[in-house]
Amino acid sequence: STHRRSHGNFVRMNTLRIAPAASSLVIVDVQERLLGAMNAGVAERVVGNLGILATAARRLAVPAFVTEQYPKGLGRTVANVRDAFGETLAMNPPFEKLEFDAMRNAHFARAFTHACPPATRPHVIVAGMEAHICVYQTARGFREQGYSVHVVSDACCSRTEENFRIARGLWERMSAVVSSTETVLFDWLGKAGTEDFKILSRLIK
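In this text, all values refer to a predicted model and were calculated from it rather than measured experimentally.

Calculation rules
- Residues numbered from 1 in each chain as written.
- Predicted model: local features only at pLDDT ≥ 70, side-chain atom pairs only at ≥ 80, totals over all residues.
- Heavy atoms only, no water.
- Helix = DSSP H or I, 4+ residues; strand = E, 2+ residues; numbered from the N terminus.
- Polar contact = N/O pair within 3.5 Å; in protein donor to acceptor, adjacent residues only side chain to side chain.
- Contact = heavy atoms within 4.5 Å.
- Axes fitted to C-alpha atoms, helices over the stretch in contact; angles between N-to-C directions.
- Parallel < 35°, antiparallel > 145°, perpendicular 65-115°, else oblique.
- Left-handed = near helix turned anticlockwise from the far one by under 90°.
- Nonpolar A, V, L, I, M, F, W, Y, C, P; charged D, E, K, R; others polar.
- Phe/Tyr/Trp six-rings, centres within 6.5 Å; stacked < 30°, edge-to-face > 60°.
- Buried < 20%, exposed > 50% of the residue type's maximum accessible area, 1.4 Å probe, protein only.
- Pairing = 2+ DSSP bridges.

Draft legend 1. Representation of the side chain of Q31. Structurally, Q31 is set in the loop between strand 1 (23-28) and helix 2 (32-36). Among the polar contacts listed, one links the side chain of Q31 to the backbone oxygen of G75, at a separation of 2.8 Å. Apart from residues lying up to four places away in sequence, Q31 is in contact with T67, E68, Q69, Y70, P71, L74, G75, R76, T77, V78 and M129.

Structure representation (structure tokens):
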């Protein structure tokens with residue numbers, strides 16, 4: 001019926017509108033040795049955008065989670081991202097994992113779903129590396145648990161351009177929203193003229 005169709009359209013559109021009170025941020029495996037394997041120019045841009053997302057999450061009280069894939073071998077989260085989170089990372093330190101899908105790590109999944117149940121924080125903003133492995137599998141894990149997932153394309157990277165293109169196709173196939181740093185930032189802000197807007201809009205160059 002028309003009613004069912006319009007309701008379905010509403011539900012689909014509703015996954016596009018994100019607000020700080022209904023969102024969380026997950027940064028996947030942005031680690032020292034992984035970063036060194038990326039194209040230098042791309043890596044610099046990605047780390048800069050991750051810093052913007054982390055700063056905005058801290059300012060707007062969006063719960064943020066950081067994962068680290070086998071840090072003994074791949075190193076810790078890069079300093080620029082740690083610094084952008086500031087004291088919030090000390091209160092909620094990175095989750096170490098071996099699983100490519102963070103939601104298959106029992107410790108992470110338990111902590112995340114407790115802090116951000118899908119009924120109250122349905123939107124997960126996901127970024128990090130590698131786009132076609134841990135970002136993809138973690139985003140897929142969130143979708144399987146009923147979350148609306150926004151993957152921040154310009155805050156993700158893979159070692160090769162081909163794998164990054166494959167990742168984008170996979171995100172779309174699983175009905176994630178493929179977004180950008182500025183799109184997320186200004187959706188969170190909602191309007192100009194506020195103190196949050198004045199502070200966070202300065203991050204965009």
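Back to the write-up after that little detour.
Draft legend 2. Up close: the packing of helix 8 (residues 131-144) against helix 9 (residues 161-173). One way to put it is that helix 8 packs onto helix 9 with a least axis distance of 9 Å and a crossing angle of 15 degrees. By the angle between their axes, helix 8 is roughly parallel relative to helix 9. Pair helix 8 / helix 9 crosses with right-handed handedness. Along its contact with helix 8, which presents A131, H132, V135 and Y136, the element helix 9 presents N163, F164, A167, L170 and W171. Tallied by class, residues from the contact of helix 8 with helix 9 come to 7 nonpolar, 2 polar and no charged.

Draft legend 3. Fine view of the packing of aromatic side chains. Following the criterion strictly, the structure yields 11 aromatic pairs and no others. Plain terms: the ring middles of F65 and F108 are 6.0 Å apart, the flat faces sit at 80 degrees to each other, and that makes the pair edge-to-face. Of this pair, F65 sits in strand 2 (residues 64-69) while F108 is found in helix 7 (residues 106-115), placing the two residues 43 residues apart along the sequence. Measuring from ring centre to ring centre gives 5.8 Å for F108 and F112, while their planes differ by 15 degrees; the resulting arrangement is stacked. Of this pair, F108 and F112 both sit in helix 7, 4 residues apart, which is roughly one turn of that helix. Grouping residues by exposure puts F108 and F112 together as buried. In this structure an aromatic cluster arises from ring pairing among F65, F95, F108, F112, F142 and Y147.

Draft legend 4. Examining the environment of L98 more closely. Locating L98 in the fold gives a position in the loop between strand 3 (95-97) and helix 7. A residue is classified by how much of its surface remains accessible, and L98, at 60% relative accessible area, is exposed. Between the C-alpha atoms of L98 and Q69, which are 29 residues apart in sequence, the distance is 5.7 Å. Residue contacts for L98: discarding those within four places in its chain leaves Q69 and Y70.

Draft legend 5. Examining the sheet that holds strand 5 (residues 148-157) more closely. Taken in spatial order, the 6 strands line up as 3-2-1-4-5-6 in an open sheet, and their pairing is parallel. Two strands lie at the open edges of the sheet, namely strand 3 and strand 6 (177-179), each paired on one side alone. Within this sheet the neighbouring strands show an average axis-to-axis angle of 25 degrees, counted without direction. Strand direction decides the pairing type here: strand 4 (residues 123-129) and strand 5, joined by 6 bridges, are parallel. Within strand 5, the residue paired with M129 across the bridge is C157. Helix-sheet contacts for helix 9 involve strand 5 and strand 6, and the interaxial angle to strand 5 is about 170 degrees. Sitting on the sheet, helix 10 (residues 181-189) touches strand 1, strand 4, strand 5 and strand 6, and the angle it makes with strand 5 is about 135 degrees.

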